[in-house]
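Chain and residue survey
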Amino acid sequence: MLRIAVQSKGRLYDDTMALFEEADIKIPFSKRTLLVRSSNFPLEALFLRDDDIPQSVAGGVADLGIVGENEFAERQEDALIIKRLGFSKCRLSLAIPKDIDYQGLRWFEGKKIATSYPRILKRFMNERGIKADIHVINGSVEIAPGIHLADAIFDIIGSGSTLISNSLKEVETVMKSEALLIGHKKLNEEKKKILDELLFRVEAVKAAEDKKYVLMNAPDEKLKEIVDVLPGMKSPTVMPLAQTGWSSIHTVLHEECFWEIIGKLKSLGAEGILVIPIEKMIV
């Protein structure tokens with residue numbers, strides 16, 4: 001049985017539960033229970049505050065954890081990064097009152113900066129030879145300049161709407177963050193086998209993201225031209241149709257180039273183009 005530490009609420013919780021659902025790992029929802037066992041996989045979820053997850057994994061209370069890269073970097077606990085998960089993306093940035101004429105990082109020399117991430121900020125400032133007064137605040141960092149508690153803030157930025165509502169502007173991005181799967185350094189062989197199966201499922205889910213399965217009919221005289229514009233996984237599948245002179249082509253397309261490719265296919269004579277979302281992909 002593997003124990004995985006998971007954030008108890010918020011965006012990272014939602015994204016993590018969605019990943020488990022896609023990987024067919026059933027974890028019952030419970031607001032009152034901190035430790036919940038999966039009904040169909042040798043895994044139990046330990047629900048914690050996000051800043052407690054790195055320590056719980058490093059100390060062996062949990063075997064694995066899903067945590068924001070920002071928290072992992074700040075806590076500096078001795079655990080392994082097993083996989084970058086690509087969701088719950090954000091950035092840690094410096095922000096100042098919007099009416100200030102910002103000329104560069106030297107503006108922060110001698111300024112008081114409010115943050116919940118003092119280690120990351122101190123390292124960043126030290127590397128650039130800037131001496132600032134770092135003031136640690138847990139929660140509601142963005143209000144600090146407005147109540148004259150600090151000159152600037154260093155905090156998580158998502159959409160930026162919180163900055164706008166507090167009359168702040170982002171001026172420097174210090175680091176980008178995403179969800180990480182972290183692990184204890186000394187898992188036994190049984191737990192490593194379970195981890196391998198978990199990773200297999202997660203990677204199948206992640207491989208299918210932003211991809212579409214596309215089927216189309218095409219005239220045989222245009223097959224080579226159509227195949228040449230398809231950036232498939234390896235090579236598209238081509239099968240003859242009952243109608244003479246026509247074939248069916250099956251391939252996988254990335255969503256980012258989907259509409260551009262579809263336009264080219266139509267211009268080359270492809271017909272009956274069918275687009276299907278991909279749930280899992282074993283590569």
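Please read these numbers as outputs of a predicted model, since none were measured by experiment. (Residues numbered from 1 in each chain as written. Predicted model: local features only at pLDDT ≥ 70, side-chain atom pairs only at ≥ 80, totals over all residues. Heavy atoms only, no water.)

A separate point is the overall build of the chain. Of regular secondary structure, the chain possesses eight helices and 15 strands. At 25 Å, the chain has a C-alpha radius of gyration far larger than the 19 Å of a compact globule built from 283 residues. Taken over the C-alpha atoms alone, the chain extends approximately 80 × 55 × 35 Å along its principal axes. Counting all 283 residues of the chain, 45% fall into the buried class. In the chain, the proportion of contacts linking residues at least 24 apart, taken out of those at least 6 apart, comes to 69%. Working note: accessible area of the chain is about 15500 Å², and carbon and sulfur atoms make up 50% of it. (Helix = DSSP H or I, 4+ residues; strand = E, 2+ residues; numbered from the N terminus. Rg over C-alpha atoms; globule rule 2.2 N^0.38 Å. Buried < 20%, exposed > 50% of the residue type's maximum accessible area, 1.4 Å probe, protein only. Contact = heavy atoms within 4.5 Å. Areas by Shrake-Rupley, 256 points an atom, 1.4 Å probe, with all protein chains shown as cover.)

Our next topic: the sheet that holds strand β5 (residues 80-84). A sheet is described by the order of its strands in space; here six strands give the open sequence β2-β3-β1-β4-β11-β5, paired in mixed fashion. Looking at strand neighbours, the two that pair on one side only are β2 (35-37) and β5, the edges of this open sheet. Here the strands of the sheet are splayed against their neighbours by 30 degrees on average, with no regard to which way each runs. With three bridges connecting them, β2 and strand β3 (residues 43-48) associate as antiparallel partners. Following the sheet pairing, R37 is matched in β3 by E44. Sheet contacts for helix α1 (residues 11-22): β1 (2-7), β3, β4 (64-68) and β11 (179-183); angle to β1, the most-contacted strand, approximately 140 degrees. Its contacts with the sheet put helix α6 (residues 189-208) on β1, β4, β5 and β11, and the angle it makes with β5 is roughly 25 degrees. (Pairing = 2+ DSSP bridges. Axes fitted to C-alpha atoms, helices over the stretch in contact; angles between N-to-C directions.)

Here we take up empty space enclosed by the protein. Any empty space left between atoms is shown by rolling a water-sized probe over those atoms. The full count for this structure, using the stated rule, is one cavity of 30 Å³ or more. Every residue lining the largest cavity is listed: I4, L19, F20, I66, L85, L181, L198 and V202. Elements represented by at least two residues in the lining of the largest cavity include exactly α1 and α6. Across the lining of the largest cavity, the residue classes tally to eight nonpolar, no polar and no charged. (1 Å grid on protein atoms, 1.4 Å probe; cavity = no way out; pocket = protein on both sides within 12 Å on 5 of 7 lines; lining within 4 Å. Points joined across faces, edges and corners; volume = space filled by probe spheres on them. Nonpolar A, V, L, I, M, F, W, Y, C, P; charged D, E, K, R; others polar.)

This next bit is on the pairing of strand β6 (residues 90-97). A regular strand carries its side chains on alternate faces of the sheet. Within β6, seven of the eight residues are buried, leaving the element largely enclosed by the surrounding structure. With eight bridges connecting them, β6 and strand β10 (residues 168-177) associate as antiparallel partners. Residue pairing in the sheet places P97 in a bridge with L168 of β10. The sheet contact formed by β6 and strand β9 (residues 152-157) spans five bridges and is antiparallel.

It is worth spelling out helix α8 (residues 258-267) at this point. Three or more residues of α8 are buried, namely F258, I261, I262 and L265. Within α8, the buried residues cover an arc of 100 degrees as seen down the axis, which keeps them to one side. Relative to its buried face, α8 has exposed residues pointing more than 90 degrees away, namely W259, E260 and S267. Considering only its buried residues, α8 is in contact with β12 (211-219), α7 (223-228), β14 (246-254) and β15 (271-277). (Arc of directions from axis to C-beta.)

Purely spatial values, then, with no claim about function.
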